[in-house]
Amino acid sequence: MIASRLQGIPPTIFTTMSALAVRTGAVNLGQGFPDVDGPPDVVAQAVAALEGGANQYAPGPGVPSLRQAVAEHQRRHYGLDWDPDGEVVVTTGATEAIAGATLGLVEPGDEVVVLEPYYDSYVAMLQMAGAVRRPVTLHAPDFRLDADALRAAVTPRTRFVLLNSPHNPTGTVLSRAELSAVAELAVEHDLTVITDEVYEHLTFDVEHVPIATLPGMATRTLTISSIGKSYSFTGWKIGWATGPAHLVGALLAAKQWLTFTSGAPLQPAAAYALTSAADFPKQLAASLHERRDLLLTGLAEAGLPTPTPDGTYFAVSDITHLGWADATEFCLALPERAGVVGIPVQAFYTDHPDAGRQLVRWTFCKRPEVLAEAVGRLTAADLSAR
């Protein structure tokens, strides 16, 4: 029997759709993992660490070299000055950082403002923590943050904002003005912001602004990121959080009972990536920009015109004109119909499901030839409901 704290939380949609891709031999444009690894010299550093004896427990907060590299990264890119010995913690990916932050900071009954559609672990962790979601829904086709809706979501019981920009699944990158609206509310109502910025370096023609850099926010923001997306090592599960010691300490207090530590030989390699392969994320973003445009052109030719995302490696199509009951029905039929897998965005809407009922998310973090094969299949197929 599943505990009550997990009741009503479905299995992650990524497991379902990736299994469907394997079973049918479809091109998987659903789950967002690259099909090419990151820099070989970073892999070589992991091999050297394995062969050099870095195979026992790493320190709970993370190996010193990685904490130092993360602190230097934040200073170099954003001018944020964090002490690697108390204001940086290494986690088992950003997913554990979200879990640790939620379990370490949020009390049962606390209200948490969160942008819908949500990355699916947010809903699960907030429910496990006994939190009350206060959704602010981003609506197609532009998925912009409505400042009035944001303000309306805050009540006297609100204590946190769980933010995600660049945003998964929509690809929206919140503007400085949108983030300023969040910051002003946070200062006015004494809110703590937990911000997931794993796609921080994967933006296209727009600026990523960490909310911690805005006035009054450094002392009330816990920032989460990872090596997975920026360096194409999603399977390494090496993430981190930075911020004032009381917020990082709360995350660490929970994390020590989750994994305690992980990836001992991968942490020095991640430190090397942040310092000695610092140009790779920019190169990856340029490549993704080209692949984004390839996918969008192909989707339009297939009768799926799709708004241009500002960042991440996802694009969202509205399939209302195809006549399907919802995006889940479409995505379950698509592997047999066209040999392609997408993700129904309605899986990421919980409080206002109608807003995502007809939306499908595609990833463009695959090789160009894979994207070309996928859009060729979509163009050749009859995608309408029948």
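Just so we're clear, the structure is a prediction, and the values are computed from it rather than from any experiment.

### Quick notes on the environment of T192
With respect to the helices, strands and loops of the structure, T192 is situated in strand β6 (residues 192-196). The exposure class assigned to T192 is buried, which follows from its relative accessible area of 17%. Here the alpha-carbon distance between T192 and M217, two residues 25 residues apart in the chain, equals 8.7 Å. Setting aside its immediate chain neighbours within four residues, T192 contacts R159, F160, V161, R220 and L247.

### Digging into the UniProt feature "domain: Aminotransferase class I/classII large" (unreviewed entry) in the protein
UniProt feature "domain: Aminotransferase class I/classII large" (unreviewed entry): in the numbering of this structure it lies at residues 27-378. Within the segment residues 27-378, helix and strand shares are 40% and 15% respectively, and the terminal C-alpha atoms sit 10 Å apart.

### Side note on the sheet that holds strand β2 (residues 88-91)
Across the sheet, which stays open at both edges, the 7 strands sit in the order β2-β8-β7-β6-β5-β3-β4 with mixed pairing between neighbours. Of all strands in the sheet, those bounded by a partner on one side alone are β2 and β4 (132-137). When strand polarity is set aside, the average angle formed by the axes of neighbouring strands in this sheet is 20 degrees. Where β2 and strand β8 (residues 239-242) come together, 4 bridges link them in antiparallel fashion. Following the sheet pairing, V88 is matched in β8 by T242. The strands that helix α4 (residues 93-105) touches are β2, β5 (158-164), β6, β7 (221-226) and β8; relative to β7, the one it contacts most, it runs at about 155 degrees. Contacts from helix α5 (residues 120-128) reach β3 (111-116), β4, β5 and β6, with the element oriented near 160 degrees to β5.

### A few points about the packing of aromatic side chains
Overall, the coordinates contain 9 aromatic pairs when judged by the stated rule. Ring centres of Y57 and F260 lie 6.3 Å apart, and the angle between their planes is 85 degrees; this geometry places the pair in the edge-to-face category. Of this pair, Y57 sits in the loop between α2 (40-51) and α3 (64-78) while F260 sits in the loop between α9 (245-255) and α10 (266-276); the two residues are 203 residues apart in sequence, bridging distant segments of the chain. Residue Y57 is classed as exposed on the basis of its relative accessible area, which comes to 75%. For F260, a relative accessible area of 38% gives the class partly exposed. Between Y199 and F314, the ring centres sit 5.9 Å apart and the planes meet at 75 degrees, which makes this aromatic pair edge-to-face. With Y199 in the loop between β6 and β7 and F314 in strand β9 (residues 314-318), this pair connects stretches of sequence that are 115 residues apart. Clustering of aromatic rings is evident, with ring pairs tying together Y199, Y313 and F314.

### Things to note about the domain arrangement of the protein
Looking at the protein, the domain boundaries give domain 1 (4-38 + 280-380) and domain 2 (40-277). One C-alpha centre belongs to domain 1, the other to domain 2, and the line joining them spans 24 Å. The interface of domain 1 with domain 2 comprises 39 residues on the first partner and 41 residues on the second. Counting the surface domain 1 buries against domain 2, the share from its top three residues, D310, T312 and F348, is 19%. Across the domain 1-domain 2 interface, the total number found is 2 salt bridges. For R144, the salt bridge identified is with D310, shortest N-O distance 3.2 Å. Applying the counting criterion to the domain 1 and domain 2 interface returns 19 residue pairs in polar contact (both at pLDDT 80 or more). Every element with two or more residues in the side of domain 1 that touches domain 2 is listed here: α1 (13-24), α11 (280-301), β9 and β12 (359-363). The greatest single-element share of the side of domain 1 that touches domain 2, amounting to 7 residues, is contributed by α11. Here the residues of the side of domain 1 that touches domain 2 are counted per class, giving 23 nonpolar, 10 polar and 6 charged.

### Some words on the packing of α11 against helix α13 (residues 368-380)
Across the interface, α11 lies against α13 with an axial gap of 9 Å and an inter-helix angle of 10 degrees. Classed by the angle they form, the pair α11 and α13 counts as roughly parallel. For the pair α11 and α13, the contacting residues are R291, L294, L295, G298, L299 and E301 in the first and P368, L371, V375, L378 and T379 in the second. Tallied by class, residues from the contact of α11 with α13 come to 7 nonpolar, 2 polar and 2 charged.

About the criteria used
- Residues numbered from 1 in each chain as written.
- Predicted model: local features only at pLDDT ≥ 70, side-chain atom pairs only at ≥ 80, totals over all residues.
- Heavy atoms only, no water.
- Helix = DSSP H or I, 4+ residues; strand = E, 2+ residues; numbered from the N terminus.
- Buried < 20%, exposed > 50% of the residue type's maximum accessible area, 1.4 Å probe, protein only.
- Contact = heavy atoms within 4.5 Å.
- UniProt positions renumbered as here; feature names shortened; annotations may be inferred.
- Pairing = 2+ DSSP bridges.
- Axes fitted to C-alpha atoms, helices over the stretch in contact; angles between N-to-C directions.
- Phe/Tyr/Trp six-rings, centres within 6.5 Å; stacked < 30°, edge-to-face > 60°.
- Domains from an automatic or database assignment.
- Buried area = accessible area lost by both parts, 1.4 Å probe.
- Salt bridge = Lys/Arg side-chain N within 4 Å of Asp/Glu carboxyl O.
- Polar contact = N/O pair within 3.5 Å; in protein donor to acceptor, adjacent residues only side chain to side chain.
- Nonpolar A, V, L, I, M, F, W, Y, C, P; charged D, E, K, R; others polar.
- Parallel < 35°, antiparallel > 145°, perpendicular 65-115°, else oblique.

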